[in-house]
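Summary of structural features
In case you want the letters, here they are:
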2 protein chains.
Amino acid sequence: MARKPTSKETTRKPNMREAILAAAEELFATNGFNAVSVRDIAHAAGANPGSVTYHFKTKDGLLLEIYRRHCGPMNLRRSELLAAAKRVRDLQDRLEAIVRAYVVPAFTSGSDLAGGGARFTRLRAVMSAEGNEVARKIIAQTFDDTSHAFIDAIHESLPHIPRTDIVWRSHFLLGALYYSLVTPDRVSRLSRGEADGSDAASAIEQLVQATVAAFQAPALDQAAPARRRTVASSKT
Amino acid sequence: MARKPTSKETTRKPNMREAILAAAEELFATNGFNAVSVRDIAHAAGANPGSVTYHFKTKDGLLLEIYRRHCGPMNLRRSELLAAAKRVRDLQDRLEAIVRAYVVPAFTSGSDLAGGGARFTRLRAVMSAEGNEVARKIIAQTFDDTSHAFIDAIHESLPHIPRTDIVWRSHFLLGALYYSLVTPDRVSRLSRGEADGSDAASAIEQLVQATVAAFQAPALDQAAPARRRTVASSKT
DNA sequence: ATCTGATTTGTACTATCGTACAAAAGATCA
DNA sequence: TGATCTTTTGTACGATAGTACAAATCAGAT
């Protein structure tokens, strides 16, 4: 007996749709949107180009679905971790916990989705660099709330720093995060093999440590009004 | 009379070759390599598609020439500023000067090239995200020397920090730098208009301030051996 | 003025792009 | 089993890609 739910999630192959999504995610994340053709994706997924059209209608639709698939879980996980972090009493520890709550879900998946969140985060980095319109819209309306929540939380644990500075520094955090996922090999190369840029645990710890210190830097607005207009370096 | 030098730099139009280079640089930097067609570039430069082929042979050749045009001056300027920075006696001031020497040429052109170095830096950010092969090769063999020089200089002014940490943190610096140039509007948006992400001077000051603090953060290797394997946030 | 070499134009070729769509194949249930 | 719906396949079409190349145009020396 054992009725299937109704008639859903029973396709011929072990879900071609998911295979296409996964292949597209990987290819987009490493080569950008425009460099990857629908045929490339279909081939990588072992599917027919027509199947992509059938499931996602257009190439943009495919990208859109990738975002829809990840944004929810990742933001949810971030919210959970943020809520927990805000309960930390010690201000220094709390700041670190907040930063960690922001960073960790970007590296390790916040949900069951295979491959971890790193791939999706790398995808976002690449789309952002390419100025992809589809991605830009989704990002702005999906992540800005979360970003504001984090900025506010950080601001609360660093009340003496102007919000403007917090915004800049969290922007730097995201940039560093993105770049670490985009070119991890550069870290390995520049450290002459002493560090592994692909190691998520190292990246997270290094990023958290550095970022916490950056947030704790003295406020800028009041410290440096308008000095150094030219670049003439320092002294003499 | 007034003889022209010999017969160089006197083309029909006020230098079509330069116009093509400038247009390509701008388009590549904002849309990525693959999203921009040779015809787009020619149109933006007021040239004929065939002219692009004539001057640069291929689309890759065009990108290559853009890099050749900028890498030299920018590295030269960085070297000069770095040399000056290393002469600063006070360690704290020296660190800041070094970071500034790294950051400033990326925003403001180190040479006569129009538009400032920001455009070229944004281009590098985008190419890096797209995993462009032409760019990857050039970058590795052109910028790694400079990067090592900066890492060494920073290491000297922070002897107690392991080189590995310095590498990671300078990697974060570059990521933050890139991202600031790629999506400056995000800063404006998140700060609700209080900050202008497109303002180079602000970006530089914020970046320098934050990065100096990040470099000065306590060493990671010795501080955190292997704690926090899972993500379960801090405390309970 | 004419010749010469450098540059620009116009056009064409082949490859590949995103997408549409009809036919085939598989799944579901009466 | 046969009817019906979902999914996959195969193919094709128009658009656009990068690039090649001959003809036209120009600048400077003779």
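One structure accompanies this document, and this report is about it. Computed from a predicted model, the values in this text were never measured in an experiment. (Residues numbered from 1 in each chain as written. Chains lettered and ligands numbered in written order. Predicted model: local features only at pLDDT ≥ 70, side-chain atom pairs only at ≥ 80, totals over all residues. Heavy atoms only, no water.)

Let's shift gears to the relation of the copies chain A and chain B. Expressed as a screw transformation, the operator carrying chain A onto chain B has a rotation angle of 180° and an axial translation of 0.0 Å, and the superposed copies differ by an RMSD of 0.0 Å. One copy is carried onto the other by what is essentially a two-fold rotation axis. A share of 100% of the interface residues of chain A reappears at the interface of chain B, consistent with the copies meeting face to face through the same patch. (Least-squares fit on C-alpha atoms with pLDDT ≥ 70 in both. Contact = heavy atoms within 4.5 Å.)

Let us now look at the packing of aromatic side chains. All names here are of chain A. The final tally for this structure, using the stated rule, is 10 aromatic pairs over all chains. Seen from their ring centres, phenylalanine 28 and phenylalanine 33 are 5.0 Å apart, and the 40° between their planes marks the pair as tilted. Judged by relative accessible area, phenylalanine 28 falls into the buried class, the value being 0%. In this structure, arginine 124 is placed above the aromatic ring of phenylalanine 143, and the distance from its NZ or CZ to the ring centre is 4.2 Å. (Phe/Tyr/Trp six-rings, centres within 6.5 Å; stacked < 30°, edge-to-face > 60°. Buried < 20%, exposed > 50% of the residue type's maximum accessible area, 1.4 Å probe, protein only. Lys NZ or Arg CZ within 6 Å of the ring centre and 35° of its normal.)

Residue and element names in this part refer to chain B. All of the buried residues in helix H2 (residues 38-45) are Ile41, Ala42 and Ala45. Taken down its axis, H2 places every buried residue within 95° of arc, on the same side. With respect to the buried face of H2, the exposed residues turned more than 90 degrees away are Arg39, His43 and Ala44. Looking at the packing, one finds that the buried side of H2 touches helix H1 (16-31), helix H3 (49-56) and helix H4 (59-86). One or two positions beyond H2, positive phi appears at glycine 46, with a value near 70°. (Helix = DSSP H or I, 4+ residues; strand = E, 2+ residues; numbered from the N terminus. Arc of directions from axis to C-beta.)

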